[in-house]
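In case you want the letters, here they are:
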Amino acid sequence: MKIGILQQHNTTDRADNIKRLAEGIDDLAKRGAQLIVLQELHNSVYFCQTESVDNFDLAEPIPGPSTGLFGELAKQFKVVIVTSLFEKRAAGIYHNTAVVIEKDGSIAGKYRKMHIPDDPAYYEKFYFTPGDLGFHPINTSLGKLGVMVCWDQWYPEAARLMALQGAEILIYPTAIGYDSHDSKDEQQRQREAWTTVQRGHAVANGIPVVAVNRVGLEPDPSGQTKGIQFWGSSFIAGPQGELFYQASEKEEESIVLNVDLAHSEEVRRWWPFLRDRRIDQYGDLTKRFIDQD
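Since we're looking at a predicted model, the values are computed, not measured. (Residues numbered from 1 in each chain as written. Predicted model: local features only at pLDDT ≥ 70, side-chain atom pairs only at ≥ 80, totals over all residues. Heavy atoms only, no water.)

Draft legend 1. Looking closely at the overall build of the protein. Broken down by element type, the protein carries five helices and 17 strands. Taken against the 2.2 N^0.38 rule, which gives 19 Å for 293 residues, the C-alpha radius of gyration of the protein at 18 Å falls within 12% of a compact globule. Its C-alpha atoms give the protein principal-axis dimensions of about 55 × 50 × 40 Å. A total of 293 residues make up the protein; the buried ones form 50% of that total. Contacts in the protein between residues at least 24 apart in sequence constitute 67% of all its contacts with a sequence separation of at least 6. (Helix = DSSP H or I, 4+ residues; strand = E, 2+ residues; numbered from the N terminus. Rg over C-alpha atoms; globule rule 2.2 N^0.38 Å. Buried < 20%, exposed > 50% of the residue type's maximum accessible area, 1.4 Å probe, protein only. Contact = heavy atoms within 4.5 Å.)

Dropping the structure here:
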């Protein structure tokens, strides 16, 4: 599968963001990409730095204007596109939703972000209702895509549930960056942890992982912080955690890589982790914490 990733900076000019996304999809498709993965909430700046009810105006229904636009691009270039949208489900109910567009322009499926963070400058619980569609791969003409979103990427349970249902690849649209108050060393530890945990999902499940992050500085509209410097570093890893490619921390990038999904079969024969799972002993995983009284 030829996978295209688009690591982009975003501005308050929504129309320009979408224009550059369309140009990037055009370019990736012409370079042979069959699957194109975009970053989290790619149409706008990362508005969750502040809590403002006015930002709900950015949300849209699914199907809606964006699925129509990206559907036309998918159909024009005959590619599968993984988008990330601010979904208006109903008045007062909004989701952070990934939508997979099939190469005929139709919606192959969607995934609503399940794990919702609430940290300084990442006030997502204010905006997003937790997902209610579960962890289920989306069937496409290219295979079964295990699509999740950003904060989901820290949870091995989510990746495992996707793999157990036949996901052939894990995909994470992402928006994560540095806190300016942290030391340079701490910033790098966090970035490396982000890469490492996802490479671990690849190893544990014997399938590739794609993570596409945004890049560049986005100011805090409230002026209370110095904003978020998104750390880019988008990557594609193989089923043994090997890094096929990792993008820059600071620059926009547009990359096409060929990933052999059939290799996962070989890796799972060498390392049969799924065979050796002690499913009879994992019941306590459904508990919040196990008290040792």
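After presenting the structure, the write-up continues.
Draft legend 2. How the structure looks around the side chain of Arg-112. Here Arg-112 is to be found in strand E5 (residues 107-112). In this structure the side chain of Arg-112 is engaged in a polar contact, spanning 3.0 Å, whose partner is the side chain of Asp-132. Residues within four places of Arg-112 in sequence aside, it is in contact with Glu-87, Arg-89, His-95, Asn-96, Thr-97, Gly-131, Asp-132 and Leu-133. (Polar contact = N/O pair within 3.5 Å; in protein donor to acceptor, adjacent residues only side chain to side chain.)

Draft legend 3. Main features of the packing of aromatic side chains. Applying the stated rule across the entire model yields 21 aromatic pairs. Taking 5.9 Å as the distance between ring centres and 65° as the angle between the ring planes, the aromatic pair formed by Trp-194 and Trp-231 counts as edge-to-face. Here Trp-231 lies in strand E14 (residues 228-231) and Trp-194 lies in helix H4 (residues 184-205), a separation of 37 residues in the sequence. The pair formed by Trp-194 and Trp-231 is uniform in burial state, with each residue classed as buried. Here Trp-194 and Phe-235 contribute two aromatic rings whose centre-to-centre distance is 5.6 Å and whose plane-to-plane angle is 85°, an arrangement assigned as edge-to-face. Residue Trp-194 is located in helix H4, and its partner Phe-235 is located in strand E15 (residues 235-237); the two are separated by 41 residues in the primary sequence. When sorted by exposure, Trp-194 lands in the same class as Phe-235, which is buried. Cluster of aromatic residues (ring-pair linked, three or more members): Phe-47, Phe-56, Phe-86, Tyr-94, Phe-126, Tyr-127 and Phe-128. Sitting over the ring of Phe-230, Arg-214 keeps its end group 5.4 Å from the ring centre. (Phe/Tyr/Trp six-rings, centres within 6.5 Å; stacked < 30°, edge-to-face > 60°. Lys NZ or Arg CZ within 6 Å of the ring centre and 35° of its normal.)

Draft legend 4. Structural detail: the sheet that holds strand E3 (residues 80-90). With respect to topology, six strands assemble into an open sheet ordered E5-E4-E3-E2-E1-E17, the strand pairing being mixed. Edge positions in the sheet fall to E5 and strand E17 (253-258), since each of these pairs with one other strand and no more. Pairs of neighbouring strands in the sheet enclose a mean axial angle of 30°, with direction left out of account. Alignment of strand E4 (residues 93-101) against E5, held across five bridges, turns out to be antiparallel. The partner of Thr-97 across the bridge, within E5, is Arg-112. (Pairing = 2+ DSSP bridges. Axes fitted to C-alpha atoms, helices over the stretch in contact; angles between N-to-C directions.)

Draft legend 5. The arrangement of the pairing of strand E10 (residues 169-174) in detail. Along E10, six of the six residues are buried, which leaves the element largely enclosed by surrounding structure. Neither face of E10 is open: one carries Ile-169, Ile-171 and Pro-173, the other Leu-170, Tyr-172 and Thr-174, and all of them are buried. Relative to E10, strand E9 (residues 143-147) runs parallel, the two sharing three bridges. Following the sheet pairing, Leu-145 is matched in E10 by Ile-169. Following the chain from E9 across helix H3 (residues 156-164) to the adjacent parallel E10, one finds a crossover that is right-handed. (Right-handed = clockwise from strand over helix to strand, strands pointing away.)

Draft legend 6. Just a nonpolar patch on the surface, in detail. A surface patch of nonpolar side chains, about 340 Å² in accessible area, is lined by Trp-270, Trp-271 and Phe-273. Relative to the helices and strands, Trp-271 is located in the segment after helix H5 (263-270). (Patch = residues over 30% accessible without salt bridge, like charges linked within 9 Å, V, L, I, M, F, W, Y side chains within 5 Å. Areas by Shrake-Rupley, 256 points an atom, 1.4 Å probe, with all protein chains shown as cover. Salt bridge = Lys/Arg side-chain N within 4 Å of Asp/Glu carboxyl O.)

Draft legend 7. The arrangement of H4 in detail. Taking 1.5 Å as the rise per residue, H4 with 22 residues should run 32 Å; its terminal C-alpha atoms sit 32 Å apart, in good agreement. Gly-206 sits one or two residues past H4 and shows a positive phi near 65°. (Expected span 1.5 Å × (residues − 1).)

Draft legend 8. Molecular detail of the nonpolar core. One finds Ile-3, Leu-35, Leu-145, Leu-170, Ile-171 and Val-210 to be the most contacted residues of the largest nonpolar core, which totals 42 residues. Sequence-distant contacts of Val-210, defined by excluding residues within four places in its chain, comprise Ile-3, Ile-5, Val-37, Ile-169, Leu-170, Ile-171, Tyr-172, Phe-235 and Ile-236. Ranked by size, the runner-up nonpolar core spans 19 residues in total, among them Ile-25, Ala-33, Ile-62 and Ala-74. (Core = buried A, V, L, I, M, F, W, Y, C linked by side-chain atoms within 4.5 Å.)

Draft legend 9. Spotlight on the packing of helix H1 (residues 14-30) against helix H2 (residues 65-77). Interhelical geometry of H1 versus H2 gives an angle of 20° and a closest axis separation of 10 Å. Our classification of the angle between H1 and H2 gives roughly parallel. Helix-helix and strand crossings are classified by hand; for H1 and H2 the assignment is right-handed. Touching Arg-14, Ile-18, Leu-21, Ala-22, Ile-25, Asp-26 and Ala-29 of H1 are Ser-66, Leu-69, Phe-70, Leu-73 and Phe-77, all from H2. For the contact of H1 with H2, a count of residues per class yields nine nonpolar, one polar and two charged. (Parallel < 35°, antiparallel > 145°, perpendicular 65-115°, else oblique. Left-handed = near helix turned anticlockwise from the far one by under 90°. Nonpolar A, V, L, I, M, F, W, Y, C, P; charged D, E, K, R; others polar.)

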